[in-house]
Each structure stands twice: as C-alpha cells, then as structure tokens.
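Inside the fold
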Protein chains: 2
Amino acid sequence: MFNYTATYTDKYQLTMSQVYFLKGQKDTKAVFDYFFRKLPFNAGYAIFAGLEDLLNILSILRFDSHDLEFLKEQQFHPDFISYLEKFRFRGNVYSSLEGDLVFPVRPVIQIEANIIEAQIIETLLLNTLNFQTLIATKASRMRQAAEGRILIDFGLRRAQGPGGYYASRAAYIGGFDGTSNVVAGRDYRIPVSGTMAHSFVESYDDELSAFMHFAEVQPEDCVLVVDTYDTLNSGLPNAITVAKKMEEKGLRLNGIRLDSGDLAYLAKESRRRLDNAGLEYVKIAVSNQLNEHIIKSLMEQQAPIDVFGVGTSLVTGHPDAALDGVYKLAYSNGKARIKLSENVSKITLPHRKQVFRVIDSEGKFIGADAVTLADEKEVEIIYHPVYPFKSLSLAKYIMEPLLHKVMENGLRLKKPQSLSEIAQFSRNRLAKLPSEYKRFDNPHIYKIGISNKLQTERDILIDKFKFAFK
Amino acid sequence: MFNYTATYTDKYQLTMSQVYFLKGQKDTKAVFDYFFRKLPFNAGYAIFAGLEDLLNILSILRFDSHDLEFLKEQQFHPDFISYLEKFRFRGNVYSSLEGDLVFPVRPVIQIEANIIEAQIIETLLLNTLNFQTLIATKASRMRQAAEGRILIDFGLRRAQGPGGYYASRAAYIGGFDGTSNVVAGRDYRIPVSGTMAHSFVESYDDELSAFMHFAEVQPEDCVLVVDTYDTLNSGLPNAITVAKKMEEKGLRLNGIRLDSGDLAYLAKESRRRLDNAGLEYVKIAVSNQLNEHIIKSLMEQQAPIDVFGVGTSLVTGHPDAALDGVYKLAYSNGKARIKLSENVSKITLPHRKQVFRVIDSEGKFIGADAVTLADEKEVEIIYHPVYPFKSLSLAKYIMEPLLHKVMENGLRLKKPQSLSEIAQFSRNRLAKLPSEYKRFDNPHIYKIGISNKLQTERDILIDKFKFAFK
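Residues numbered from 1 in each chain as written. Chains lettered and ligands numbered in written order. Predicted model: local features only at pLDDT ≥ 70, side-chain atom pairs only at ≥ 80, totals over all residues.

**Re the packing of helix α2 (residues 51–60) of chain A against helix α6 (residues 122–146) of chain A**
All names here are of chain A. It is at 9 Å that the axes of α2 and α6 come closest, and there the two elements cross at 155°. With respect to α6, the axis of α2 lies roughly antiparallel. For α2 against α6, the interelement crossing comes out right-handed. For the pair α2 and α6, the contacting residues are Asp53, Leu54 and Ile57 in the first and Leu124, Leu125, Thr128 and Leu129 in the second. Across the contact of α2 with α6, the residue classes break down as 5 nonpolar, 1 polar and 1 charged. (Axes fitted to C-alpha atoms, helices over the stretch in contact; angles between N-to-C directions. Helix = DSSP H or I, 4+ residues; strand = E, 2+ residues; numbered from the N terminus. Parallel < 35°, antiparallel > 145°, perpendicular 65-115°, else oblique. Left-handed = near helix turned anticlockwise from the far one by under 90°. Contact = placed C-beta atoms within 7 Å. Nonpolar A, V, L, I, M, F, W, Y, C, P; charged D, E, K, R; others polar.)

Here it is as structure tokens:
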C-alpha cells in the first residue's frame, strides 16, 4: 500500500552524496554494517524482521519526477540531479535470514555498494528493520507469556499511523496467530479475525436483540462482546441464551469476549457459568490494554482464557517504542573504517565481516555469535570485543555462517519467502535457544566474540586515531 | 506516498457492517464521537493533528479490486461485497480545527453517517488522529522546553516505519522548525535540513580533508559534525581551521554539530573556543537521544546551543507511544446511545453535541470547555460530568463553538489548509492558554463541563441500564 521513492531519506544523505558526486567519488565502494546495541524490552534475544520488505523496496527504489522537482527547489546541483534521475540501488546485501535470532553489536546486515547508493538507502533500511525487529521481538515475548494460547493483534487503531501495517506483519513473525488488520491480511496472508464491537450492541435497544441478530447472520464465527452494560448480569446471561438458541439449530457459539474489568475473575466466573450451562466449547477471549506482563499474570492466575487480543502495547513496542539500530561505515575507498567513541563498547568493527552462530553437537545455540573478517577460514578462538582476556575455544562446536548474500548488484538472489515460512523458521530457531536466554526477566546474556584478525585490524585503526582516548 | 483503501480497517468493522447490511439497516444513521481520556506525557493540553490527512483520505476512500477479491476469499456475502464495491464515505464530519488545543472527554470530532460507513472508517480515523495528535503534543512540549531555539526533527530512521512520514508533519504543527525527512518536506512543504554524518568523516583518511571537501562543495549551509574521533582535540580545531579558510574566501561556516558526550560541557567549551577564534557567528547544533527533559536541562544549564536535533523520542512519542483515543457511538437509529462502565468516568456522552471554549474578556482561555447538545442555545451553567455539585456559571464569558462542519455528504466544505497555516493557528491558540496549563510538570487541569440538558439525557440512559451499577 506504499509508494516508496528515494526521497524517503534524511536530507544529509543527499547532501553528503552530492559532495561525493561533485568530488568524483561516486563510484567509491563502501561497506556499511547494520546492527543494534541494546536488546529491547530487557529481552534475551531479538527477532530479525523486515528484510523481505526492504529487499522489495530496494528492488524498485528510484527518484520520481516529484522528487527531482523538489530537489531542484532545494538547490541541489543540476549534474547531481541528473545522476539521481538514473539512481538505482545496485549494491550487494549480505544479511541474516529474516526471522532469525539476532543479538547486539554483531552486524545483522552488511551493505556493499557505491557510497552514494549506500548512503541514500540508510534511512529506509533503518526505518524498516528497526521497527519490524522491535515488534517481532515484542510479539515473541507475548508468545512466551501466552504459551499455547491464541494471540491476535488488535492494534491498528492505536498504531503509529501506517506503521501499523508492518506491525501486524512483524507480530506474525514473532508468534502471533492472526490480526484484525484487513489490509495486512490481504497483502501478507495473515489470518484475519474480528467480530463485534460495543457499538454494535449499543446500536440496538437491548443487548439480547443485538446478540441474536449477529448470531443469525454470522453463525460460523460468532464471538459476542459481553461487557457493554454489565458482564455478569447482562452480557454473559444473554450470550448463554444465544448459545442455547444456536444449539437448537445445530450451531455453536464460538466465544465471548471480555474487554474490561478484572479479566482473571471475569474469565473464571464466565467459564464456570458457561460450563454449568453445558457450553464447555464456548471460548473466552479477552482484550483491554494487554501486554506481556498482564498476559503472564493472567496465565499465572490460571485464568481460563483461550484468546488474547493485544493492541497498543504490541504494535507500538511500548515502552521502548524503538530499536536503537545504527548503520556504520566499515570500509570505503579501499580501506577499513572505524567510528571511535569515548564509550569503548560503542567503537565499531571495521571491514567486511562474517558472523557465525556457534552450535553444539545437539544443535543447540551455545550462547555466542562469532564475528570474523569476511574471508577468514578456520577461526579457532574468539575474544570478547572489549576484554580480550575473555575468550572461547570453538574447537568442539559447529559454526553456522549467518550472513547470506541475498542481493547482488541490486538483484535479489533468492525467491521471496512467504510470511508463514519466515514465521516457521523463526519458531525453529527459537527452539534451539536454551531457555535461560528466553527467560522473561534478567535473561542470560548472549555473547559476541571476535576473531584475532578482526581484533588486530580494529586495534590498528584505534591506534591510528588514539588521541581520541586521551 | 500512501495508497489507502478501505481495507485499512479492523475486520470486525466489516463483520458488523455485514450484519447491518443483511438485516436491512444499511441506511441507519449513526453518530460517533472521537475523543481521548488521558492527556499524553502528563501534559496540560494536547494539540489536535491529522485532520487534513484524514479528510483527504476519506474523500477518495474505496475498496479496490484487490480488497474485494480478498473479502470474497474471506467468505463475505456476495450482496455485501457488491455493496462495498460502491462504498464511498458520504457522511458529515464535525471537527475541531486542526492545530487547536484539545482536552480529554469532550468530542474532538463527531462523525455522522450511515452506520456502515461510520464503522468502516473508524480504524483509519483513530489510526490517523491518535498518532498525529500524540506527536504534535510531544513536539509542543519540546518547543516549550527549547524556548526560542531551533528544533529539527531527525527521527525518520527510528520512526515506526512509514509512521515517520506523519510524525514529521505533526512535529511541525507542534512547533518544530524543520525536518531531515525529505519526502515529508516534499509533500508538506516542511523546511528540510541536514548536512553531514560521521560516515562522511570516516570515509576520508583524515577529518580535516573531509571537512575541507565538504565546505568546498557545500559552502552555503555547512554544518560539520565534530565528534567522529575526538570533539575537543580533533573535530573542533579542524572545524575552526575550515571556518578560517572559508573566511578567506568571504564565506562563513554555518555551524558545528555535537552528537555525543556531555552536550552541556561540550557546547560551552566549543562556544568559548569558537568565540576566541572570532567565530561568534558559527552555530552550535546538538543531537543524540534528546527528549524534552534533556532539552530543558540543557537550557537550565545555559548551554549555548542554537539548534536541537531530536529523533526517536519525538517521532515515537516515547514513552507513551500512543494516545488512547476512542470512537464511541452516541446516537443511532433515532436514539441516543451510551456505553456504560463500572468506571464512572468512562461512561460516554450520548447525542450529537457541540463543544464550546470558554474565553474571558481578554481573549484568554479560562480553563474549561463546555459540552452541550448540538442544538442547545443559551447555556448558562455547566456541571462537572461526574460530580454535578461542581458547576460553573458562564454569564461573563465568551463561548466559542469548537466543532465545525468540515465535511458534508462526503464532500469537504473548506479549502485544505497548508501545514504552515495550521502550525500558525496552533501557536495562536497556545498563546491564549494561561501558563499554568503549559507547565512542564503537574500542570493545572483543564476542565470539562456539561450542560444540564446533556446531563439529563445521559442520566436517562444510565437509568435505563442501571443494573450495570449494582
């Protein structure tokens, strides 16, 4: 539903690009790393999402006539504008697979392109991947909390504008079962669901008539919202009446939905009364400001809830609201590049690199990813990036390379994956992560180690600019 | 840049609509209120934003062939799908003016339409207005904190996907001076700015060459980022060198940007050294995880900062991340409607209504909006909606009606407003709000009062459903 053009960027990308262009550096090759520094939500892992969308957009990204007109107004140089007229992304993309578990510091994606193309796509890349990775991770936490119960995304109304479209997609990757968002369902084949709001009940003179009308027209998937006036004294008894009428016609009420009040108490009481009426099959759905902590609490209270409808907190990634992903130059013009910082842990890793997942003989992730130079073979030991006296021997482990070339010269190398394939892959990966890393609070810290060669290359650059550490 | 179609909605809107349709109620007139219950960010007011976008989308909203195909797959009834094929929004919209100050409980917009149209647009309306109002309000708080300094939105990279497009728009309404977001600048005529990232500096073998190249190509708007290696020992001295070289050619360095470290200290030290070099005119811009509290602190420390670049916190509306706006049925099928709640303050106000701003003889807002039935004249006293013993006599005040008919039968009644007109209107309104309501922490609470007639109508409905309060 979007028409992305190449002005979906920050102006400084264009300003810098113009300098490169006018200084004859337009063909300078550059490598940028996309990575994040901090896991959101105090989670032990993040789920990488947004790659398919990014690749789709990159494949067709250009400056359209409105863009070029606007850049003229902005006083960009006519020669540079002519260059932009023919702009395409023709770079290479080395990426983690969408749905994989990703961790701080190590590159999630590397972009290799001429420096102008690499700069112009930076904002789009960050905007797409930061958000979807945030939401897939949030969804995964809710999935952990809800165990096997059904999770439905109800968030579009409180989403950050059209960001809600991608939020529904990312939530599915992170483990949701469906969405209320029709357009996301249409485009990504996410199961869509939704039945009745309070307004439907209010639009009738009494609740029972509203329920009866609805059940008559919509008998196959009938979920009645029971808290418009009074859950236990009106909504629930009326729902039971309708369910019994439906039974007379050989039909079954699918469920009731609780949208206010003490959900644990109301779910238990509703379950009891439904069961007493012989309606053990009627499901109980709940909604209203849910988040992973409330879901966890409801589960701990053994509330008999079949379906959780989750909105705002899911689709906005509350309270973090953003992943801190960055895009840093690692190589350009034939040389490795570095960004220093007084905060040692913020110093970047130079060069084209590869990332390996370290896996034990049973196929479990051991809790460390290894970062090496792209062409290194036979790395035997990895070192903590800041405290090199901490090291890990890789002798007994399997090393799985994580960065795959998915785009070459601007062309995709693999066929697009469906959303359900991505979600399935993500579930498989999560199953290989030991439970301590999935723990809800204070999870084990998944580590990163760098090879000796990478460390050496980095330290040479640090040395060159070492006045920064005075 | 968006192609909204009418499946930008929650599925239950369509399910309910189908029931209305098949039960012969498609022409039932309904009135819905859009309002929110809680001000975000502990602010004393919110700034209403998103109306122009909403009206533009409503004017052209339809189900396209992909939508209809998908709804067929979803087993909607063929007659209902034929109806949707001709769907247009043909309702009336009564709205607060965009940029106005709005407060909880009172309707910000009322929609009057056949019930199917009113339901189908609900999600889009909430999605658009909740988000932009959130961000305009956030921006306004930053504007209060930054006093007269320049505020630039840098947020697109960390925005919630394409929500960033509207965030830049809303930030401008709330008082920002510009954005880095090129496409938003293109479409909304927001001033765009941006010069140089660290990657530019890193892509050269030394910082000074990078600065010199940049200044050569971009002398008119040259802002040098000075913290790539070491702000005070490398970036700043190099920037001073460049500024002096520029002076030789009769040019002036526009500014330096600090993007890490102790911004207050670095700004003061940079100012001192720039001034000592006779570069009093060189501006100091800062960025890096700013929010309204940090801006306020920097101002209190009298940091000599000219430009604040604000990203994540602005465009995501962190930490709230959402406005809790809702859309509630107030009238349908010839009758006033109500949603009850055990929480008395959540009971809705029935009927078509008007909202008045109460203004004193000097043109200042006195701190109360009055809600009445739409056709009431001469309201003399308003009452607290929950505690009617609290009342306010309106005798000596001017009553300004706030809800304007902006759309009739789906057609806009007023010419679209430019973003700068909206922003200017917003500033004018804010100037009429007494300072206690603009206070950063614990602001005065702006009150809402309802007319006696509205109160009576509401209480009749409460009475009818009063079992809810057992």
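There's plenty left to go through after this.
**Quick word on the domain arrangement of chain A**
Splitting chain A by domain gives domain 1 (11–135 + 321–469) and domain 2 (194–302). Relative placement of domain 1 of chain A and domain 2 of chain A: their C-alpha centres are 47 Å apart. (Domains from an automatic or database assignment.)

**Considerations on the sheet that holds strand β14 (residues 353–359) of chain A**
All names here are of chain A. With respect to topology, 6 strands assemble into an open sheet ordered β17-β16-β21-β15-β14-β18, the strand pairing being mixed. Of all strands in the sheet, those bounded by a partner on one side alone are β17 (391–393) and β18 (398–401). Looking at each pair of strands side by side, their axes are set apart by 35° on average, direction ignored. Taken together, the 4 bridges between β14 and β18 define a ladder with antiparallel strand orientation. Of the residues in β18, the one forming a bridge with Val358 is Met399. (Pairing = 2+ DSSP bridges.)

**Details of the relation of the copies chain B and chain A**
The transformation that overlays chain B on chain A combines an axial shift of 0.0 Å with a rotation of 180°, and the residual RMSD is 0.0 Å. Taken together, the rotation and translation relating the two chain copies correspond to the operation of a two-fold axis. A shared binding surface is used by both copies, with 100% of the interface residues of chain B retained as interface residues in chain A. (Least-squares fit on C-alpha atoms with pLDDT ≥ 70 in both.)

**A few points about the packing of helix α7 (residues 163–173) of chain B against helix α15 (residues 419–431) of chain B**
Residue and element names in this part refer to chain B. Interaxial distance between α7 and α15 falls to 8 Å at its minimum, and their mutual angle equals 45°. One way to sum up the angle between α7 and α15 is to call them oblique. Contacts between α7 and α15 involve Arg169, Tyr172 and Ile173 on the former and, on the latter, Leu419, Ile422, Ala423 and Ser426.

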